[in-house]
Amino acid sequence: MNHSRSNARAPHESDLPPYQVVLAETDWESLRTAFGNGEDLPRVLARLLEPDPRVQVSALSELGELVGHQNTIYEATAPVAMYVAGILTHPAAMTLRPYRNVPIRATLLNWLVSTAYDASDEIVGRTEQYFPGFLTHDTTVAAFRDLRPMLYRAVAPFLQDSHEDVREAAVIAALILAEHPALAEHRDHLAVHARAILDTSSDDPNRRVAWKALEAWGHDVPDPEPFREELWDRGPHSDGRGDLEPPF
(Lines give C-alpha, C1' and ligand atoms only; values in the text may rest on other atoms or scores of the structure.)
Protein backbone atom coordinates (compact mmCIF):
# COMPACT_ATOMS: atom_id res chain seq x y z
CA MET A 1 0.00 0.00 0.00
CA ASN A 2 1.17 3.47 -0.84
CA HIS A 3 1.52 6.14 1.80
CA SER A 4 3.16 8.93 -0.17
CA ARG A 5 1.68 12.38 -0.48
CA SER A 6 -0.99 12.64 -3.12
CA ASN A 7 -1.47 15.29 -5.79
CA ALA A 8 -5.09 14.18 -6.17
CA ARG A 9 -7.08 16.08 -3.58
CA ALA A 10 -10.64 15.10 -2.77
CA PRO A 11 -13.04 17.52 -4.48
CA HIS A 12 -15.23 19.73 -2.32
CA GLU A 13 -18.41 19.06 -4.32
CA SER A 14 -20.99 16.86 -2.64
CA ASP A 15 -21.49 14.73 -5.74
CA LEU A 16 -19.20 13.22 -8.32
CA PRO A 17 -18.24 15.49 -11.18
CA PRO A 18 -19.28 14.14 -14.59
CA TYR A 19 -16.96 11.44 -15.85
CA GLN A 20 -16.11 13.62 -18.87
CA VAL A 21 -14.85 16.32 -16.49
CA VAL A 22 -12.77 13.80 -14.52
CA LEU A 23 -11.22 12.55 -17.74
CA ALA A 24 -10.51 15.98 -19.21
CA GLU A 25 -9.48 17.95 -16.14
CA THR A 26 -7.28 15.44 -14.31
CA ASP A 27 -3.56 15.96 -14.81
CA TRP A 28 -2.95 12.27 -15.41
CA GLU A 29 0.74 12.62 -16.22
CA SER A 30 1.39 14.08 -12.77
CA LEU A 31 -0.15 11.13 -10.92
CA ARG A 32 1.69 7.97 -10.05
CA THR A 33 0.53 4.49 -10.92
CA ALA A 34 2.11 1.12 -10.23
CA PHE A 35 4.21 1.45 -13.39
CA GLY A 36 5.08 5.11 -13.75
CA ASN A 37 2.74 8.02 -14.35
CA GLY A 38 -0.87 7.97 -15.51
CA GLU A 39 -0.41 9.22 -19.06
CA ASP A 40 -2.00 6.04 -20.49
CA LEU A 41 -5.03 6.10 -18.21
CA PRO A 42 -7.30 8.28 -20.41
CA ARG A 43 -6.94 5.74 -23.22
CA VAL A 44 -7.72 2.83 -20.89
CA LEU A 45 -10.67 4.61 -19.27
CA ALA A 46 -12.17 5.46 -22.67
CA ARG A 47 -12.26 1.74 -23.47
CA LEU A 48 -14.75 1.23 -20.65
CA LEU A 49 -17.35 2.88 -22.88
CA GLU A 50 -16.71 0.65 -25.89
CA PRO A 51 -19.69 -1.46 -27.02
CA ASP A 52 -17.62 -4.67 -26.96
CA PRO A 53 -17.80 -6.17 -23.43
CA ARG A 54 -14.49 -7.94 -23.94
CA VAL A 55 -12.83 -4.58 -24.43
CA GLN A 56 -14.56 -3.21 -21.34
CA VAL A 57 -13.54 -6.11 -19.11
CA SER A 58 -9.98 -6.06 -20.44
CA ALA A 59 -9.78 -2.34 -19.64
CA LEU A 60 -10.96 -2.93 -16.06
CA SER A 61 -8.35 -5.63 -15.64
CA GLU A 62 -5.67 -3.26 -16.93
CA LEU A 63 -6.85 -0.58 -14.52
CA GLY A 64 -6.55 -3.09 -11.70
CA GLU A 65 -2.88 -3.48 -12.53
CA LEU A 66 -2.16 0.22 -13.06
CA VAL A 67 -3.89 1.67 -9.99
CA GLY A 68 -4.54 -1.38 -7.80
CA HIS A 69 -1.40 -3.48 -8.20
CA GLN A 70 -0.65 -5.46 -5.05
CA ASN A 71 -3.76 -3.99 -3.41
CA THR A 72 -2.15 -0.57 -3.27
CA ILE A 73 -3.79 2.84 -3.43
CA TYR A 74 -1.81 5.03 -5.84
CA GLU A 75 -2.11 8.72 -6.63
CA ALA A 76 -4.11 7.92 -9.76
CA THR A 77 -6.47 5.53 -7.97
CA ALA A 78 -8.84 8.25 -6.73
CA PRO A 79 -9.66 9.89 -10.09
CA VAL A 80 -9.93 6.46 -11.74
CA ALA A 81 -12.44 5.39 -9.09
CA MET A 82 -14.36 8.64 -9.65
CA TYR A 83 -14.50 7.93 -13.38
CA VAL A 84 -15.65 4.32 -12.87
CA ALA A 85 -18.34 5.46 -10.42
CA GLY A 86 -19.34 8.21 -12.83
CA ILE A 87 -20.10 5.82 -15.69
CA LEU A 88 -22.34 3.49 -13.67
CA THR A 89 -25.38 5.14 -15.27
CA HIS A 90 -23.89 5.20 -18.76
CA PRO A 91 -25.62 3.01 -21.38
CA ALA A 92 -22.34 1.13 -21.85
CA ALA A 93 -22.70 -0.17 -18.29
CA MET A 94 -25.66 -2.24 -19.46
CA THR A 95 -23.57 -4.24 -21.94
CA LEU A 96 -23.82 -7.92 -21.04
CA ARG A 97 -20.63 -9.64 -19.96
CA PRO A 98 -19.22 -12.45 -22.11
CA TYR A 99 -20.69 -15.86 -21.33
CA ARG A 100 -22.93 -14.44 -18.61
CA ASN A 101 -26.25 -12.65 -18.70
CA VAL A 102 -24.92 -9.99 -16.31
CA PRO A 103 -24.46 -6.28 -17.05
CA ILE A 104 -20.96 -4.81 -17.06
CA ARG A 105 -22.34 -2.52 -14.34
CA ALA A 106 -21.89 -5.37 -11.86
CA THR A 107 -18.23 -5.69 -12.86
CA LEU A 108 -17.72 -1.94 -12.52
CA LEU A 109 -19.24 -2.07 -9.04
CA ASN A 110 -17.08 -5.03 -8.09
CA TRP A 111 -14.03 -3.09 -9.22
CA LEU A 112 -15.08 -0.30 -6.86
CA VAL A 113 -15.59 -2.89 -4.11
CA SER A 114 -12.04 -4.12 -4.58
CA THR A 115 -10.59 -0.62 -4.53
CA ALA A 116 -12.65 0.53 -1.53
CA TYR A 117 -11.67 -2.62 0.36
CA ASP A 118 -7.99 -1.83 -0.16
CA ALA A 119 -8.59 1.45 1.72
CA SER A 120 -11.07 0.02 4.24
CA ASP A 121 -10.85 0.38 7.99
CA GLU A 122 -9.84 -3.28 8.23
CA ILE A 123 -6.93 -3.06 5.82
CA VAL A 124 -5.77 0.35 7.04
CA GLY A 125 -5.96 -0.85 10.64
CA ARG A 126 -3.89 -3.89 9.76
CA THR A 127 -1.29 -1.75 8.03
CA GLU A 128 -1.14 0.68 10.95
CA GLN A 129 -0.02 -2.19 13.18
CA TYR A 130 3.16 -2.50 11.13
CA PHE A 131 3.55 1.12 9.98
CA PRO A 132 2.36 3.48 12.75
CA GLY A 133 1.23 6.78 11.32
CA PHE A 134 0.44 5.18 7.97
CA LEU A 135 -2.93 6.93 7.80
CA THR A 136 -1.97 10.53 8.33
CA HIS A 137 -3.42 13.64 6.77
CA ASP A 138 -2.41 14.29 3.15
CA THR A 139 -1.43 10.71 2.37
CA THR A 140 -2.63 9.01 -0.79
CA VAL A 141 -4.80 6.59 1.17
CA ALA A 142 -6.30 9.35 3.32
CA ALA A 143 -7.17 11.36 0.19
CA PHE A 144 -8.89 8.34 -1.33
CA ARG A 145 -10.82 7.65 1.87
CA ASP A 146 -12.10 11.24 1.78
CA LEU A 147 -13.89 10.33 -1.44
CA ARG A 148 -16.04 7.65 0.18
CA PRO A 149 -19.20 9.78 0.65
CA MET A 150 -19.00 10.88 -2.97
CA LEU A 151 -18.53 7.32 -4.22
CA TYR A 152 -21.34 6.13 -1.96
CA ARG A 153 -23.80 8.52 -3.57
CA ALA A 154 -22.91 7.07 -6.97
CA VAL A 155 -23.38 3.49 -5.75
CA ALA A 156 -26.55 3.93 -3.64
CA PRO A 157 -29.04 4.10 -6.56
CA PHE A 158 -28.24 0.46 -7.34
CA LEU A 159 -28.93 -0.97 -3.88
CA GLN A 160 -32.32 -2.15 -5.09
CA ASP A 161 -31.40 -2.87 -8.69
CA SER A 162 -33.52 -5.48 -10.43
CA HIS A 163 -30.46 -7.53 -11.34
CA GLU A 164 -29.17 -9.66 -8.48
CA ASP A 165 -25.48 -9.34 -9.37
CA VAL A 166 -25.67 -5.56 -9.69
CA ARG A 167 -27.64 -5.28 -6.45
CA GLU A 168 -25.23 -7.43 -4.45
CA ALA A 169 -22.15 -5.63 -5.77
CA ALA A 170 -23.73 -2.27 -4.92
CA VAL A 171 -24.57 -3.42 -1.39
CA ILE A 172 -21.03 -4.65 -0.71
CA ALA A 173 -19.54 -1.44 -2.07
CA ALA A 174 -21.93 0.64 0.04
CA LEU A 175 -21.16 -1.34 3.21
CA ILE A 176 -17.44 -0.69 2.82
CA LEU A 177 -17.82 2.96 1.85
CA ALA A 178 -20.23 3.59 4.75
CA GLU A 179 -17.36 3.16 7.20
CA HIS A 180 -16.84 6.89 6.64
CA PRO A 181 -18.22 8.79 9.66
CA ALA A 182 -20.22 11.14 7.43
CA LEU A 183 -22.25 8.16 6.21
CA ALA A 184 -23.21 6.86 9.65
CA GLU A 185 -26.83 7.93 9.15
CA HIS A 186 -27.17 5.38 6.33
CA ARG A 187 -26.00 2.39 8.32
CA ASP A 188 -29.36 1.29 9.73
CA HIS A 189 -30.78 1.28 6.22
CA LEU A 190 -27.74 -0.60 4.93
CA ALA A 191 -28.10 -3.15 7.73
CA VAL A 192 -31.27 -4.40 6.04
CA HIS A 193 -29.30 -5.00 2.85
CA ALA A 194 -26.47 -6.63 4.79
CA ARG A 195 -28.91 -9.12 6.32
CA ALA A 196 -30.24 -9.89 2.84
CA ILE A 197 -26.69 -10.75 1.77
CA LEU A 198 -26.38 -13.15 4.70
CA ASP A 199 -29.74 -14.69 3.85
CA THR A 200 -29.31 -15.12 0.12
CA SER A 201 -25.70 -14.80 -1.04
CA SER A 202 -23.46 -17.79 -1.67
CA ASP A 203 -20.38 -15.58 -2.03
CA ASP A 204 -18.31 -16.08 1.11
CA PRO A 205 -16.21 -12.88 0.90
CA ASN A 206 -19.38 -10.83 0.42
CA ARG A 207 -21.06 -12.57 3.34
CA ARG A 208 -18.00 -11.78 5.45
CA VAL A 209 -18.24 -8.06 4.60
CA ALA A 210 -21.95 -8.04 5.50
CA TRP A 211 -21.39 -9.88 8.79
CA LYS A 212 -18.51 -7.63 9.84
CA ALA A 213 -20.44 -4.46 8.96
CA LEU A 214 -23.38 -5.53 11.13
CA GLU A 215 -21.03 -6.40 13.98
CA ALA A 216 -19.10 -3.12 13.72
CA TRP A 217 -22.32 -1.08 13.69
CA GLY A 218 -23.69 -2.72 16.83
CA HIS A 219 -26.42 -4.79 15.22
CA ASP A 220 -27.38 -8.26 16.32
CA VAL A 221 -25.57 -10.77 14.17
CA PRO A 222 -25.95 -14.50 13.72
CA ASP A 223 -23.38 -16.76 15.27
CA PRO A 224 -20.02 -16.31 13.57
CA GLU A 225 -19.61 -18.43 10.50
CA PRO A 226 -16.30 -20.04 9.57
CA PHE A 227 -15.43 -17.30 7.12
CA ARG A 228 -12.01 -17.76 5.66
CA GLU A 229 -9.84 -14.86 6.78
CA GLU A 230 -8.86 -12.91 3.72
CA LEU A 231 -5.20 -12.84 2.80
CA TRP A 232 -3.47 -9.52 2.37
CA ASP A 233 -3.69 -9.88 -1.40
CA ARG A 234 -7.34 -10.83 -1.48
CA GLY A 235 -10.61 -9.07 -0.86
CA PRO A 236 -14.31 -9.25 -1.65
CA HIS A 237 -13.95 -8.50 -5.31
CA SER A 238 -13.55 -9.61 -8.87
CA ASP A 239 -11.25 -7.81 -11.27
CA GLY A 240 -13.33 -9.10 -14.14
CA ARG A 241 -10.69 -11.22 -15.80
CA GLY A 242 -12.70 -14.38 -15.25
CA ASP A 243 -15.48 -12.86 -17.34
CA LEU A 244 -13.35 -13.36 -20.45
CA GLU A 245 -13.78 -17.13 -20.21
CA PRO A 246 -16.84 -19.36 -20.14
CA PRO A 247 -17.96 -20.59 -16.70
CA PHE A 248 -17.23 -24.23 -15.98
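Residues numbered from 1 in each chain as written. Predicted model: local features only at pLDDT ≥ 70, side-chain atom pairs only at ≥ 80, totals over all residues. Heavy atoms only, no water.

Asker: Describe the overall build of the protein chain, listing the residues and the values that go with them.
Answerer: Regarding its fold elements, the protein chain presents 11 helices and 2 strands. Going residue by residue from the N terminus, the α and β elements of the protein chain occur as α-β-β-α-α-α-α-α-α-α-α-α-α. Counting all 248 residues of the protein chain, 52% fall into the buried class. Here the analysis covers contacts within the protein chain between residues at least 6 apart in sequence; of these, 67% occur between residues at least 24 apart. Of the accessible surface of the protein chain, which amounts to about 11,700 Å², a share of 50% is contributed by carbon and sulfur atoms. (Helix = DSSP H or I, 4+ residues; strand = E, 2+ residues; numbered from the N terminus. Buried < 20%, exposed > 50% of the residue type's maximum accessible area, 1.4 Å probe, protein only. Contact = heavy atoms within 4.5 Å. Areas by Shrake-Rupley, 256 points an atom, 1.4 Å probe, with all protein chains shown as cover.)

Asker: Report on the environment of Thr 140, specifying residues and quantitative values.
Answerer: Position of Thr 140 among the secondary structure elements: in helix H7 (residues 140-145). With a relative accessible area of 2%, Thr 140 lands in the buried category.

Asker: Report on a negative patch on the surface, specifying residues and quantitative values.
Answerer: A cluster of acidic residues, Asp 27, Glu 29, Glu 39 and Asp 40, forms a negative patch at the surface. With respect to the helices and strands, Glu 29 occurs in the loop between helix H1 (19-25) and strand S1 (32-33). (Patch = residues over 30% accessible without salt bridge, like charges linked within 9 Å, V, L, I, M, F, W, Y side chains within 5 Å. Salt bridge = Lys/Arg side-chain N within 4 Å of Asp/Glu carboxyl O. Lys, Arg positive; Asp, Glu negative; His and termini not counted. Charge placed at Lys NZ, Arg CZ, Asp CG, Glu CD.)

Asker: Describe empty space enclosed by the protein, with residues and values.
Answerer: Within this structure, the stated rule accounts for 1 cavity of 30 Å³ or more. There is about 30 Å³ of room inside the largest cavity. In this structure, the largest cavity is lined by Leu 112, Ala 116, Leu 151, Ala 173 and Leu 177. At the level of secondary structure, the elements contributing two or more residues to the lining of the largest cavity comprise helix H5 (104-118) and helix H9 (164-177). Here the lining of the largest cavity is built from residues that sort into 5 nonpolar, no polar and no charged. (1 Å grid on protein atoms, 1.4 Å probe; cavity = no way out; pocket = protein on both sides within 12 Å on 5 of 7 lines; lining within 4 Å. Points joined across faces, edges and corners; volume = space filled by probe spheres on them. Nonpolar A, V, L, I, M, F, W, Y, C, P; charged D, E, K, R; others polar.)

Asker: A description of the pattern of salt bridges should follow, citing residues and the corresponding values.
Answerer: Using the criterion set out here, one finds 8 salt bridges in the structure. A salt bridge links Arg 47 to Glu 62, with the nearest nitrogen and oxygen atoms 2.8 Å apart. Taken together, the residues Arg 47 in the loop between helix H2 (41-46) and helix H3 (53-68) and Glu 62 in helix H3 connect sequence positions 15 residues apart. Relative accessible area serves as the criterion here: at 18%, Arg 47 is assigned to the buried category. Assessed through its relative accessible area of 27%, Glu 62 is described here as partly exposed. Residues Arg 145 and Asp 121 are paired through a salt bridge, measuring 2.9 Å at the closest nitrogen-oxygen approach. In this pair, Arg 145 sits in helix H7 while Asp 121 sits in helix H6 (residues 121-130), placing the two residues 24 residues apart along the sequence. For Arg 145, a relative accessible area of 11% corresponds to the buried category.

Asker: Could you give an account of the nonpolar core, naming the residues involved and the relevant values?
Answerer: Formed by 73 residues in total, the largest nonpolar core has its most connected members in Leu 48, Leu 63, Val 80, Trp 111, Val 155 and Leu 175. The element that contributes the greatest number of residues to this core is H9, accounting for 10 residues. Once residues lying within four places of it in the same chain are set aside, the contact partners of Leu 175 are Leu 190, Ala 194, Val 209, Ala 210, Ala 213 and Trp 217. (Core = buried A, V, L, I, M, F, W, Y, C linked by side-chain atoms within 4.5 Å.)

Asker: Report on the packing of H5 against H9, specifying residues and quantitative values.
Answerer: Relative to each other, H5 and H9 sit at 20°, their axes nearing to 8 Å. As far as their axial angle goes, H9 and H5 are roughly parallel. Crossing handedness for the pair H5 and H9: left-handed. Contacts from Arg 105, Ala 106, Leu 109, Asn 110, Val 113, Ala 116 and Tyr 117 of H5 reach H9 at Asp 165, Val 166, Ala 169, Ala 170, Ile 172, Ala 173, Ile 176 and Leu 177. Classifying every residue of the contact of H5 with H9 by side-chain character gives 12 nonpolar, 1 polar and 2 charged. (Axes fitted to C-alpha atoms, helices over the stretch in contact; angles between N-to-C directions. Parallel < 35°, antiparallel > 145°, perpendicular 65-115°, else oblique. Left-handed = near helix turned anticlockwise from the far one by under 90°.)

Asker: Give a description of unusual backbone geometry that names residues and reports values.
Answerer: Positive phi outside glycine occurs at Gln 70, with the angle close to 55°. A positive phi angle is found at Asn 71, which is not glycine, with a value near 55°. Mapped onto the secondary structure, Asn 71 falls in the loop between H3 and helix H4 (77-86). Owing to a relative accessible area of 13%, Asn 71 belongs among the buried residues under this scheme.

Asker: So what about the environment of Val 57? Which residues, and what values?
Answerer: By the secondary structure assignment, Val 57 is in helix H3. Looking at Val 57, the relative accessible area reads 0%, which means it is buried.

Asker: Account for the packing of aromatic side chains, with residues named and values stated.
Answerer: The full count for this structure, using the stated rule, is 1 aromatic pair. Relative to Tyr 83, the ring of Tyr 19 has its centre 5.6 Å away and its plane inclined at 90°; by these criteria the two rings are edge-to-face. One end of the pair, Tyr 19, is in helix H1; the other, Tyr 83, is in helix H4, with 64 residues separating them in the sequence. The same class applies to Tyr 19 and to Tyr 83, which are both buried. (Phe/Tyr/Trp six-rings, centres within 6.5 Å; stacked < 30°, edge-to-face > 60°.)

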